[in-house]
Structures are given as structure tokens and as C-alpha cells.
Amino acid sequence: MPYDHTKIEKKWQKFWSKNDTFKTPDFSDKPKYYALDMFPYPSGQGLHVGHPEGYTATDAMSRMKRMQGYNVLHPMGWDAFGLPAEQYALKTGHNPKGFTDQNIDVFRKQVKSLGFSYDWDREVNTTDPSYYKWTQWIFEQLYKRGLAYEDEIMVNWAPDFMGGTVVANEEVVDGKTERGGYPVYRVPMRQWVLKITAYADRLLDDLDDLDWPESIKEQQRNWIGRSEGASVQFAVDGHKDTKIEVFTTRPDTMFGVSYLVLAPEYDLVDQITTPDQKAAVDAYRKQIESKSDLERTDLNKDKTGVFTGAYGINPVNGEQVPIWIADYVLASYGTGAVMAVPAHDPRDYEFATKFSLPIKPVIEGGDLDKEAFTGDGTHINSGFLNGMDKKTAISAAIDWLTEHDAGAKKVNYRLRDWIFSRQRYWGEPIPVIHWDDGETTLVPEDQLPLTLPDTDQLEPSGTGESPLANIDDWVNVTDENGRHGKRDTNTMPQWAGSSWYFLRYIDPHNDKALADPEKLKYWLPVDLYIGGAEHAVLHLLYARFWHKVLYDLGVVPTKEPFHKLVNQGMILGDNHEKMSKSKGNVINPDEIVEKYGADTLRLYEMFMGPLEESKPWSEDGINGSYKWIQRVWRLLIDENNHLRDRVTTINDGKLDKVYNETVKKVTEDYSRMHFNTAISQMMVFVNEAHKVDDLPVEYMEGFIKMLSPLVPHVAEELWSYFHESDTISYQPWPTYDASKLVEATIEVVLQVNGKVKSHATVDKDISKDDLEKIAMADEHMQKAIDGKTVRKTIVVPGKLVNVVAN
RNA sequence: GCCGCUGUGGCGGAAUUGGCAGACGCGCUGGACUCAAAAUCCAGUUCCCUUUACCGGGAGUGUGGGUUCGACCCCCACCGGCGGCACCA
């Protein structure tokens, strides 16, 4: 009977489900292995071929680990809050819940059709009140620790994005919203903010111990952007109690300061601006206000600014320096004020050149007629710093500032606090009540979850608030004393639910706690986490932050959530371009599963190339994988649907070497997730098996076991010919006999001047001298050496002989 | 501009520690089977030169240099591709 994927895959998916094959016990004497996929956002588009790639890799690891005696946690769930559902709901006048649930059903069905060994009893859904109860609970813990606070801050306001919403810094790309590409303006607004900066150092330092791709670690380091320097106080001339604090990484250049620059939004600007400069300053600030971030950065590299009329006093030499405002200084970094040293900073140089401000060299070197000199050198014109190099001068300057109470050593971060509120409906409500008497309280823990009201009214409130503001009987609350208050109408960003979902899988039905501490202790950390690199800074940084807070609270037992992280590469279209509707190169996994089966899709995606790399889809390629599965089938099963007669308990030894090699290589390659080379080794084995008369049962069973992590349905079916109505999932993983790998003779390479001239088959334990003699006697070697003088002979036992001659 | 990754046949890719470059698959070519085709099985397939064929020779892992008996692998410079950051003081 030929291989029939349709029948086989349905049969085994039903078997696994009926027999709870992959139900994971909460505890076990076995060692644990936690293999996690980044859970998907269930979009209306359904699954694309990129999803099964990472999922297959974690599934293969899970299946192998089970067979190796591990208790494996391998769950799946849905990151189901988010804007697309709300946008669609708004358009159609429905509540996003129904639409979201439908999408989840489609996703679940698609995922199930691929035969992953998830424990479906542990499925989580971020939009389920019994789940977001705990998302809100975590928020309350953050609030109690002072890590969640409301503040009037400059936010990224996208007025054209769904009636206006605020987005996080991380969600702004090129001055536009990451989703939809709407322009972003910086405006002050009252927002919820999470104090991720309090964890900046730990988020940075703990990266070192993680088994993550270097590129992701590097991106997080850059994002956190730790920079060491000094804060320096500049007095303002004529304003006795006013000081301007600047941050600089180059306190050694203090004698080269020729002016100060404040961000246009800096709060002292009005106070210090002189009457004759007021009009110019006001006009400039007004002009800046109406610019989006994009216009302030990308579109405009040309420096602009205005003099305030005020002067600051340089603490090291008492010199008066003009104070300017300019938008090249960012209000949101450091103190929003900088000391400008045009001689040694390219940005200041550009500004000083444009506005004819003095450029005073304090380090020897470079050519100041052309550009700023940022290199190291001997300090000059710098009082007590003269003669020092950069490093010495920096520390001397900091010492001086500290002694004279004019500054101090300071560390600054590029990382900002996490703007956490969204003016949206479809998210977790922030469980806070603002009472009329000015008090702000949390919704008591025993009243969580604070559920979203059911409504079809998702139109923007028109006030910049979320649609929840329109729902009077939800917003208005009265306490037992008759005091009136209003609920916070903000909801949490999509990153909230995904920052801790891996904890909930461990104990998904617990209604007393986020998860049982003993279970967390057994299962954490996640051993393997696979997902796309696009989450390098957003999700992965937020999840680490929450995890550390929970660690400090004693809720979780580990400092870091994810021990090993792997980013699967992108699957490109057959034209080597990113799959997209407009390019018409999108492959629908449903069609592939229907035509070739899930096993073929899984096998092909793992065979395409290294997991981490991007690689193009090929229809011929998937067909090749399909044909190979059929070839395996034919090797074992005859036309009458029986095991072939060649499958026998007799072992004539012909497959000994290749079988043991295959067990070794496949086991090692799977462990390193080099699935493509593991598959190629199994292909070699099958090619050899086709050439021999007897197929020993032991080897065939071992081979099917090795096949099962990648192509579980066909493996189960083949296994059932050997062991009826049993699952292969918990069979012990095959082992190899190392003595079968070595042969009595080996082939060595004979080279002259590093070029291969001949080969020789020799005893594996041959002595160096004997090997050299054989090499010198070889006919081809003689010919190559003929007429030359042998200078040297290198003999590598068991490998080669290289004769150096000229 | 800065940081990270990457570059190997017609294509996807392999080469674990510096030791036979191109495993395995796709495609292609030839053969077997067939009335024929498809499917399947077997063989060949880096390029160039030489040869009826066998045999033989040379070049070759983005480019140029270096270290080494020996380099896809290590070092330096450069070029191309992908990704990230981008006035962060």
C-alpha cells in the first residue's frame, strides 16, 4: 500500500488526543525540559509558513527529550489582545472578542493539523479574564513597589492612529508608528509608566550569563545604552539659585566649553530667557512643537537653534558661556541640557560653525578647520588637566568636580521608562480608580479580574481617552461610603500579557496564585525558547523586566526567564524575497498540509537549511521531501501493506557501521538543532539500506525512532507495524555502539606541498615511520617528488602525510 | 555614519579541533523498467584543458594580501548582501 498521509495524520492526531499522550505531569522524578514557542497573535490571516518552522524545531526537541527520559513541558497559547482585532471590530461594529475567538479557533485547528506534541490542557489566552486577572495582579505589585506610576510626560502621540493613541518608544520606527506608519508627535500627557530604568543595570549585566544569540544580546545592550560620564552644574549668571545640570561623557574637555544648549522643552527656558530674546525663543519653540519626531531627526540633519540671552558659568574656570536652545538636544535624554565642546564633538562643531560660536581646542591633534577631533591626545589649555591623556583627564576632572561640589560621576541610560497605557478598548483594563477627592487606589486584589465591559461602542472618545471613557456605568464607581470615583480608562499594551505567559503554562488553572511556587521551582527557567528576531528588544526586554520584579517579590525562583534563546530565520518566497501578498509569493501551509501532509512540511522546513538562517521556499524542494518519506515507506512496507520480508531478526552486519554512525550523528545534530544535517545522515542510511538484502529489526526500529521527532505521524504508523497500538512517543532513544564505528583500516591522504597526490589504505594503528615509508613508496608521490629535494615530511597519524619538496 | 551577521557548484546547503572542498537534497544527463508516459530503481553531475574512452593536468569557497608544511576555517584591508541603531552629549 502506498504512503497515504491524509489517513495516517488524521489517525494519529486522534490517537494522541484520545489517549492524552502528551499530557504533562506537574511534577516528576524525571529531569524536566521546558521547550517554549513564542505564542502567536491569532490574526485573521491564519498561519503562515514561518510559524511551523520554529514550532517544528521545539516540537522535535520535545519529542526527542521525552524519548531520552525527560518530563517535557511543551505548551501553546494565544497572544490575543491587540490592535488589528480592534480595528476590524471598529469597522464592522462588533466587539473584538467574537472575532478574536474565531481567529483562535482557526489558529488552533491549523496548529493541530501539524501534529505538534503540545499539552493542550495548558493552553492560555491573554484575553481570558482568568488569565488577565494575573496580568492585572502583576501590575498591582508593580504599583505597590513604586514601579508603576502616573506622570505627565512627553509621549509619542499618534493622532491619526485609530482616533489617536500613545505608543511606546520601542514602537516608534523612523519617527512613525511601527504599525501603520502614522506620524508621531511628542506631546506632554498624563500616562502610566513602568520604571524599567530601575532595572537597567541588572537587565544589562545578566545578559552575560544567557545562552542567547550574540546579536540579540548586543541589540539589548545598545537599547539599554549605558554610558558613563559626569554630571556638571553650571550656575546661571544673574539667577542666584538657578543651576543647569548637564550630562557629559567627556568631563575632560570642560575647558573647551564654548556654550550650553538646552532642549527647547527644558523647563527653565522661560525663566532665564532675556526680554530681547523672548520673541525669538517663543517662535522657535512653537515651530518645534508642531514638528513630528521624523521631521526633527531624519528629515532635518541641519542644525537649528536660538540664543536665550542668558549666560552660564563654567565651574572649572569661571568663564561665561552663552546658553542656547536647540532641538539637537533631546529633552528625554540625560538632563535635557548639554555643555557644548565644538572642538571635540562633531554635533557641537556643526552647530558652532553654523552660528559662529568659538571653537576652543583642549586636546592636541586633528584639524579643526575641517572637523571636530574626537580622538585621544595630550590635553592643552586645560589648567590642571594639561599634559594628561583622555582617560587620566576624565578621572581627574571627575575628582575635581566632586571636590568642588560642582558635579559627580554619573551613569546614564538610553533606556527610558516604559510608557504603559494605551487609549484603546481591546486590552487589559488598568485596575485603578481615581476618586473625586483626589485619592487613587488599586482595585482590591480579591476583586480582580477587572473585566472589560461588553460593548459595541468602540469609537474614540474624542478626548484622547480610550473608548472605555464613554461607558458610563463601567467608568463610574461608588464605594461603601458613597464616595464617587472614576475608573482609569487606559488599557495595557499588547506586551503586558506576553511578558509572563510562560509562567502560566506551568500552572494554567490556578485561581489562588499566578502559579504554584513549587511548580515554578520545578519548571523554571525555560530551557529552550524559539521565535522570531523581531522581538529582540520589545518582548524579550519586557519579559525579562517583569521576571526580575517577580523574582524580587519572591514569586519566581530564577533571575532570568529564558535560558537558551534561538531565533529562527525567515522563510522567503521562491524569488528570495520576503513573502508578501503584493509580491504574490505567499505560501499557505494549509494547502501544503493538504497536498503533501504535515510530516512533509515539517521535514522540508527542517531540511531547508540552518534553523537560524533565512532561506527561500522551493516547491521542488518540498516535493523532494515528500518523495523521501515515500521512499522510507517503501523500504519497510510492501504492496500488500505488510512489513517487507527483508525486515528480519538476522543481522548480517552490513549496516552496522552506517547505522551506528547515524545514531551518533542524528543524536548530536538534533541536540544542537542542526536538523538539516541530521536529515541528510538519515538519507544516507536509507540509501544504504536500499542496497542490502537484510534489514535488521533492531536497526529499523532505531531508525523509526530517530525519524519520529520530525515526522511523527509516519513514524507512529511505521512503528505500529512492529508494535501494534502502542505509541512511539515514550520509547527509549536509540544508542550506538562506538566499537562499530571504527574499522581496522583507514584511508589516509598523501600530499606533496599540501596538494593531494594520492591515497593509501593502511592499518588504523600504523606507526608514523611506517606511514611515511608507504607514502614515499607511492607511485604518484614518486612522480610528484621526482627531481625535487625533500625538505620536510609532516605525518599526522590516522590522517595524512605531507611531503614538502622543491 | 556606527554595531552585528553573512558571502561555497545551475539552486538549497555540508565540511564538529587548521588536514581529501562540494556530504545530503533539488535540478540536469544517461541507463533499467514500460507499447509509451508518469512513478520507481541505478549511475553520473564544481569549472577549464586533455582523451574515442580510460588515464592525466590545472584552477577553485566575494576581492587583494598575510600567517602556516597545509587555510572555506586564523589575521589585515577592501567589496557586495541582510538585520539593527541612528543628533543619546
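Parameters at a glance
Residues numbered from 1 in each chain as written. Chains lettered and ligands numbered in written order. Predicted model: local features only at pLDDT ≥ 70, side-chain atom pairs only at ≥ 80, totals over all residues. Heavy atoms only, no water. Helix = DSSP H or I, 4+ residues; strand = E, 2+ residues; numbered from the N terminus. Buried < 20%, exposed > 50% of the residue type's maximum accessible area, 1.4 Å probe, protein only. Contact = heavy atoms within 4.5 Å. Near = heavy atom within 4 Å. Polar contact = N/O pair within 3.5 Å; in protein donor to acceptor, adjacent residues only side chain to side chain. Nonpolar A, V, L, I, M, F, W, Y, C, P; charged D, E, K, R; others polar. Pairing = 2+ DSSP bridges. Axes fitted to C-alpha atoms, helices over the stretch in contact; angles between N-to-C directions. Salt bridge = Lys/Arg side-chain N within 4 Å of Asp/Glu carboxyl O. Domains from an automatic or database assignment. Lys, Arg positive; Asp, Glu negative; His and termini not counted. UniProt positions renumbered as here; feature names shortened; annotations may be inferred. Parallel < 35°, antiparallel > 145°, perpendicular 65-115°, else oblique. Phe/Tyr/Trp six-rings, centres within 6.5 Å; stacked < 30°, edge-to-face > 60°. Lys NZ or Arg CZ within 6 Å of the ring centre and 35° of its normal. Arc of directions from axis to C-beta. Left-handed = near helix turned anticlockwise from the far one by under 90°.

What follows is about the overall build of chain A. In terms of helices and strands, chain A carries 26 helices and 31 strands. Its C-alpha atoms give chain A principal-axis dimensions of about 100 × 90 × 50 Å. Taken over 806 residues, chain A has a buried fraction of 54%. The contacts of chain A with a sequence gap of at least 6 include a subset with a gap of at least 24, amounting to 71%.

Examined against the element boundaries, G256 turns out to sit in the loop between β11 (239-248) and β12 (259-262). Exposure remark for G256: the relative accessible area of 0% places this residue in the buried category. When the C-alpha atoms of G256 and H690 are compared, they prove to be 80 Å apart, with 434 residues separating the residues in sequence. Beyond its immediate sequence surroundings of up to four residues, G256 is in contact with A340, V341, P342, K360 and V362.

What follows is about the protein's contact with RNA strand B. Residues in contact with RNA strand B amount to 52 residues; listed here are only the nearest, T249, K303, R347, R414 and N802. Backbone atoms, meaning sugar and phosphate, form 63% of the atoms of RNA strand B found within 4 Å of the protein. One nitrogen or oxygen atom from the side chain of R634 is found 3.1 Å from a sugar or linking oxygen belonging to RNA strand B. One of the side-chain nitrogen or oxygen atoms of S680 is found 3.5 Å away from a base nitrogen of RNA strand B. Ranked by residues supplied to the surface near RNA strand B, first place goes to helix α22 (residues 675-691) with 6 residues. Partitioned by chemical class, the residues of the surface near RNA strand B number 18 nonpolar, 18 polar and 16 charged.

On to the sheet that holds strand β29 (residues 755-763). Judged by pairing direction, the sheet is mixed, and its 4 strands sit side by side in the order β29-β28-β31-β30 without closing on themselves. Two strands close off the open sheet at either side, each with one partner strand: β29 and β30 (790-796). Adjacent strand axes in the sheet meet at a mean angle of 20°, parallel and antiparallel pairs treated alike. Where β30 lies against strand β31 (residues 800-805), 6 bridges are found, and the strand directions are antiparallel.

Counted by the stated rule, this structure contains 46 salt bridges. D206 serves as the salt-bridge partner of K548, at 2.5 Å between the closest nitrogen and oxygen. Of this pair, K548 sits in helix α17 (residues 538-552) while D206 is found in the loop between α6 (200-205) and α7 (214-224), placing the two residues 342 residues apart along the sequence. According to the relative accessible area criterion, D206 is buried, its value standing at 14%.

As far as domains go, chain A holds domain 1 (23-130 + 498-583), domain 2 (138-210 + 418-487), domain 3 (226-413) and domain 4 (743-805). Just the C-alpha atoms count here: the centres of domain 1 and domain 4 sit 56 Å apart.

Further remarks concern the side chain of D656. Inspection of the secondary structure puts D656 in helix α21 (residues 656-671). For D656, which is buried and forms no salt bridge, the nearest opposite charge comes from K740, at a distance of 4.4 Å. Only 3.3 Å separates the side chain of D656 from the side chain of N651, close enough to count as a polar contact. Beyond its immediate sequence surroundings of up to four residues, D656 is in contact with N651, Y699 and K740.

UniProt records the feature "binding site: ATP" (unreviewed entry) for K581 in the present numbering. You can call K581 exposed: its relative accessible area is 71%.

Once that is clear, we can look at the packing of helix α19 (residues 598-607) against α22. Relative orientation of the contacting elements α19 and α22 amounts to 110°, with a least axis distance of 7 Å. On the basis of their axis angle, the class for α19 and α22 is roughly perpendicular. Between α19 and α22, the contacting residues are L603, M606 and F607 on the first element and F675, N676, I679, S680 and M683 on the second.

Let us look at the packing of aromatic side chains. In total, this model carries 50 aromatic pairs according to the counting rule given. With centroids separated by 4.9 Å and ring planes inclined at 75°, the aromatic side chains of F81 and W426 adopt a geometry described as edge-to-face. Linking F81 in the loop between β3 (77-78) and α3 (83-92) with W426 in the loop between β17 (418-419) and β18 (432-435), this pair joins segments that are 345 residues apart in sequence. A relative accessible area of 3% places F81 in the buried class. Judged by its relative accessible area of 7%, W426 falls in the buried class. Site record: aromatic cluster; members linked through ring pairs are F139, Y143, W192, Y199, W418, F420, W495, Y542, F545 and W546. Over the ring of Y70 we find K65; its NZ or CZ atom is 4.6 Å from the centre of that ring.

Each regular strand shows side chains that alternate between the opposite faces of the sheet. The sheet contact formed by strand β5 (residues 148-158) and strand β9 (residues 185-194) spans 10 bridges and is antiparallel. Counterpart to E150 in the pairing with β9 is W192. Where β5 meets strand β6 (residues 165-167), 3 bridges bridge the pair, whose relative direction is antiparallel. From the neighbouring strand, W157 faces β6, where its bridge partner is V166. Linking β5 back to β6 in an antiparallel pair, the connection comprises 6 residues, with M162 at a positive phi of about 50°.

Okay, α7 next. Turning to α7, its buried residues are I216, K217, Q220 and I224. For α7, the angular spread of the buried residues around the axis is 100°, confining them to a single face. Looking at the buried residues of α7, the elements they touch are α6, α17 and β23 (565-567). Once α7 ends, the next one or two residues include G225, with phi positive near 55°.

The next subject is helix α24 (residues 712-722). Burial analysis of α24 places 10 of its 11 residues in the buried class, which makes it a mostly covered element. Restricting attention to buried positions, one finds in α24 the residues P712, H713, V714, A715, E716, E717, L718, W719, S720 and F722. Turning to α24, the residues buried within the fold contact α1 (5-18), α2 (50-67), α19, α20 (619-636), β26 (647-648) and α23 (697-707).

As a further point, take the packing of α21 against α22. Where α21 meets α22, the closest approach of the two axes is 8 Å, and the angle between their N-to-C directions is 165°. The angle between α21 and α22 falls in the class roughly antiparallel. As for how α21 packs across α22, the hand of that crossing is left-handed. Here V658, Y659, E661, T662, K665, V666, D669 and Y670 of α21 come into contact with α22, specifically with F675, T677, A678, Q681, M682, V684, F685 and E688. Residues that form the contact of α21 with α22 fall into these classes: 9 nonpolar, 3 polar and 4 charged.

Across 8 bridges, strand β28 (residues 745-752) lies against β29 in antiparallel orientation. Among the inter-strand pairings, Q751 is bridged to a residue of β29, identified as V756. Counting the residues that bridge the hairpin from β28 to β29 gives 2 residues, and of these N753 lies at a positive phi of roughly 50°. Taken together, the 4 bridges between β28 and β31 define a ladder with parallel strand orientation.

With respect to the secondary-structure elements, M781 resides in helix α26 (residues 779-785). When the C-alpha atoms of M781 and V752 are compared, they prove to be 7.2 Å apart, with 29 residues separating the residues in sequence. Ignoring sequence-local partners within four residues, the contact set of M781 consists of L750, Q751, V752, K757, A775 and V803.

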